[in-house]
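Observations on the three-dimensional arrangement
Each chain is listed here by its residues.
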Amino acid sequence: MKGIQMKKQLSATLTLSPWWRRSTIFVFVCGMAVLIFMSVQAYRYAPPIPEMVVDTGGKIIFSGRDIEAGQQVFLKYALMQNGSIWGHGSYLGPDFSAQYLHELSIDAGNAIAGQEGIDISSMGAEQRSLIDARIAGLLKENRYNPVSKQLTFIDPEKASYQRQLKVWTDFFLMPTTNAGLPIKYIHDPEEIRQLTAFFAWTAWASVAKRPDKPYSYTNNFPYDPVVGNNLTADALLWSALSVAMLLAGLALVLFIFGKFNYLGWKGEHGSVHSHMLPGGVTAGQKATIKYCLVVALLFLAQVMIGGALAHYRAEPGNFYGIDLAQYLPSNILRTWHLQLAIFWIATAYVAGGLLLASSLGQNEPRGQSVGIHILFWALVVLVIGSLAGELLGIHQVFGSLWSWFGHQGWEFLELGRFWQIVLVIGLSFWLWLLYRAIAPALKDPERREIGLLFMAGAAAIPFFYMPAFFFGSTTNFTVVDTWRFWIIHLWVEGFFELFVTVLVAVTFYQLGVVRRINAVRVIYMDAILFLSGGIIGTAHHWYWTGQANFTMALAAMFSALEVVPLTLLTLDAWDFIKLTGTREMTGTPKKTIPHKWAFYFLMAVGFWNFVGAGIFGFLINMPVVSYFEAGTILTLNHGHAALLGAFGMLGMALLVLALRHALTEAQWAVPEKFIRISFWGLNVGLALMVITNLFPVGVLQLWDVLENGYWHARSLEFIGQDRIRQLEWWSLPSHVVLIALGVVPMVIASGLTWLKIRKV
């Protein structure tokens, strides 16, 4: 009996069940069907944009066209890279919707007190409570008529709109009042009027009750007890059930891992031939080395800009005696910081894909290196052109074509529509180059499945960028944020992460440390785990952006499952250690892997993925926390630990893999010293950034939300506190370590390798 069981287990380890493929397809199709349904519902449940906003006498205050034009002003001046709407955007300036709502509550309170003959400055707690209840009663009432499509503002709302024209005019006067925008950044009275109309609409949607519902269009976000915006019962319920969902998912997966002990990155006991011998580069692989140098240089530019950007929080208006806002305002620096991060990480993946495709295909096609050179220069044009366009765009150089060639205004999708088209064309050309290189593997029964998975993972990248073209500058903000997070979450955290798994699996297979069956099985397993929670979990970004409440229910439940595969990375860590050859496997001789630093970076990926996306991500994903936290520094904390820690470290792993593959043992001796320094510099620098700045400031800001309301925690009054400024200065050592000991050595190693390759 025991012998039969051992034979079955051995058979399972050597034969791939068709249910892996079927289960992956099932999870993908079901997840996409639900996500598409929720996305379509956003058009139905989005807060309506009235054709006219009128006073109680029927006189027009502003029109729906003014609201749309105000959104365009918001975008073309890149204000989403200064502040935020409904918690989505930048963290330097205020949340414009929350700040407008707070100003409105003050005006409503003054009007009520005036009617009652009460002096607000001398009110007691009981009177204040009564006034707040009256304020909430006035503002919570929804006076939108769906038949006439008119929204009626009562007198306090009208008076507040007129007063806030000056409030927002003054906001744009000086960098010290707006966290780093140029002097008199927006000074046209008509643009101020339209922008204020847009802010007024976002504030109205934040507080007015949905028809037949006890909460607002944004599920009572932002938190502001004065206007009656408090956490809903639904948010509490689905937060509790999401924890139950997480525990159930963990229990199930750990049971499966215990039952089938061949799952995971299991090393090869016998001798397997490596197809990636150091120094044996093809012409195409040699052409990818200049990509590595560009990756390192873009990374350096990004972290330098990040350091300057952090200075706007520590000392706005004064960059070591320089008025930086007049040359590089905070919104363009944040734009470049985000765009450069996307560019250098994506470039590393592009280069890694080309390198591994040639290795997996084994017979590089004629002219492949020429195509790689062409793609490289297209990338250079894209990076320089889009970054320059964004700078010129915020100065309104392109006129009515600002969204095409300048700054499109949406966070993470800042590059103009023209440059987005160039990006998709470039990615499609990259996909064609991958197919040319990998075509021989698709004809080989041994390599066909892993080759098809490689191509499927790569094809998802240009294809799932297409939602970036589904909206324009006047599309309802709720609808835009729906499609925007198809890019930010589904494209980056879903299909990019899946492609990462494929790249790692192909790397291990080509290095000869795992069998093909193990590599393929891990790809399918990670696809099932990542996509089961990640596709529908995209909607956790939509809790407060004007979507229906059932979106919160599904998002909370399935986003909790995203933690499950990240938890399993702790199991991968030990497998990675064994695969490097740094620990002997029982009964087998110790292996020496020449690509050990690439493995170390992969271990760092696992660690930061679990910490950044797992711990810090789950911390802020539950509705009960997200309601108070969205758009605070805790989001920034999660973003840095996950984006740089996971995707960035994987980019570094691919870069190091390419550099090591290009050089012989003797040539590698000097670059390796810089790689070693870079590995520790990047990880220690990122850890210090999280420990000394991002996490503690995020916790203090969350506490301020609970104490004083969301508007206050997002105001310059909070950022300007001495203890917050002090914590910003405490982050300086982490920036120095990250830049000087992390990125600069990687630039040197890449440069040395490129110079050595050019001489060959």
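These numbers were taken from a predicted model, which means no experiment stands behind them.

A separate point is the overall build of the protein. When you go through the protein residue by residue, the secondary structure sums to 28 helices and eight strands. With the C-alpha coordinates aligned to their principal axes, the bounding extent of the protein is approximately 90 × 65 × 45 Å. Residue burial in the protein is summarised as follows: out of 760 residues, 62% are buried. Within the protein, contacts between residues separated by at least 24 positions form 78% of all contacts whose residues are at least 6 apart in sequence. In the structure as shown, the protein presents an accessible area of about 28,800 Å², 66% of it carried by carbon and sulfur atoms. The centroid of the 52 positive side-chain charges in the protein is displaced by 15 Å from the centroid of its 47 negative side-chain charges.

Our focus in this paragraph is the nonpolar core. Most often, soluble globular proteins keep nonpolar side chains buried together rather than apart. Counting residues in each nonpolar core, the largest one holds 245 residues, and the members touching the most others are Phe-74, Leu-79, Trp-430, Phe-454 and Phe-601. Top contributing element to this core by residue count: helix 17 (residues 477-511), with 24 residues. Here Leu-79 is in contact with Phe-74, Phe-96, Phe-172, Leu-181, Tyr-185, Ile-186 and Leu-195, once residues within four sequence places are set aside.

Direction of pairing for strand 7 (residues 407-410) relative to strand 8 (residues 413-415): antiparallel, over a ladder of two bridges. Considered in strand 8, the bridge of Trp-410 is made with Leu-413. As consecutive antiparallel partners, strand 7 and strand 8 are separated by two residues, and within that stretch Phe-412 has a phi angle of approximately 75°, a positive value.

Turning to unusual backbone geometry, a few remarks are in order. Residue Pro-222 follows Phe-221 across a cis peptide bond; omega there is 5°. Inspection of the secondary structure puts Pro-222 in the loop between helix 8 (189-207) and helix 9 (233-259). The backbone of Ala-179 sits at a positive phi, close to 65°, despite the residue not being glycine. On the basis of relative accessibility, which here comes to 3%, the residue Ala-179 falls in the buried class. In the Ramachandran plot, Asn-219 falls in the positive-phi region, its phi being about 55° despite a non-glycine side chain. With respect to the helices, strands and loops of the structure, Asn-219 is situated in the loop between helix 8 and helix 9. For Asn-219, a relative accessible area of 1% translates into the label buried.

This next bit is on the sheet that holds strand 5 (residues 144-145). Strand order in the open sheet made by the four strands is 2-1-6-5, with mixed pairing throughout. In the strand order of this sheet, the two ends are held by strand 2 (60-63) and strand 5, each with one partner. Two elements, strand 1 (residues 52-54) and strand 2, share three bridges in a ladder whose sense is antiparallel. What sits directly across from Val-53, in strand 2, is Phe-62.

Structurally, the position occupied by Leu-427 is in helix 15 (residues 417-442). Owing to a relative accessible area of 8%, Leu-427 belongs among the buried residues under this scheme. Note: C-alpha distance between Leu-427 and Tyr-465 (38 residues apart in sequence) is 9.8 Å. When sequence neighbours within four positions are dropped, the list of residues in contact with Leu-427 reads Ile-461, Pro-462 and Trp-491.

Further remarks concern helix 12 (residues 330-361). Taking 1.5 Å as the rise per residue, helix 12 with 32 residues should run 46 Å; its terminal C-alpha atoms sit 46 Å apart, in good agreement. Judged by how many residues are buried, helix 12 sits mostly within the fold: 30 of 32 residues are covered. Phi for Gln-362, located one or two positions after helix 12, is positive at around 70°.

Calculation criteria
Residue numbers here run from 1 along each chain, matching the order of that chain's written sequence. Per-residue local features are limited, in this predicted model, to residues with pLDDT of at least 70; the limit for side-chain atom pairs, both in listing and counting, is 80 or more; totals at the level of whole chains, interfaces and linings are taken over all residues. Values shown for side chains rest on all heavy atoms present in the structure; no hydrogens or waters enter the calculation. Each helix corresponds to a stretch of at least 4 residues labelled H or I by DSSP, and each strand to a stretch of at least 2 residues labelled E; elements are numbered beginning at the N terminus. Under the scheme applied here, a residue whose accessible area is under 20% of the maximum for its type counts as buried, over 50% as exposed, and between as partly exposed, the area being computed with a 1.4 Å probe on protein chains only. Every residue pair with non-hydrogen atoms within 4.5 Å of one another is taken to be in contact. Only the protein chains shown count as cover for residues, and all accessible areas are computed by the Shrake-Rupley method using a 1.4 Å probe. Positive: Lys, Arg. Negative: Asp, Glu. His and the chain ends are not part of the count. Working definition for charges: the position is that of NZ of Lys, CZ of Arg, CG of Asp or CD of Glu. Side-chain atoms within 4.5 Å are what join buried Ala, Val, Leu, Ile, Met, Phe, Trp, Tyr and Cys residues into a set we call a nonpolar core. At least two DSSP bridges between two strands are required for those strands to pair. An expected span of 1.5 Å times one less than the residue number is assigned to each helix.

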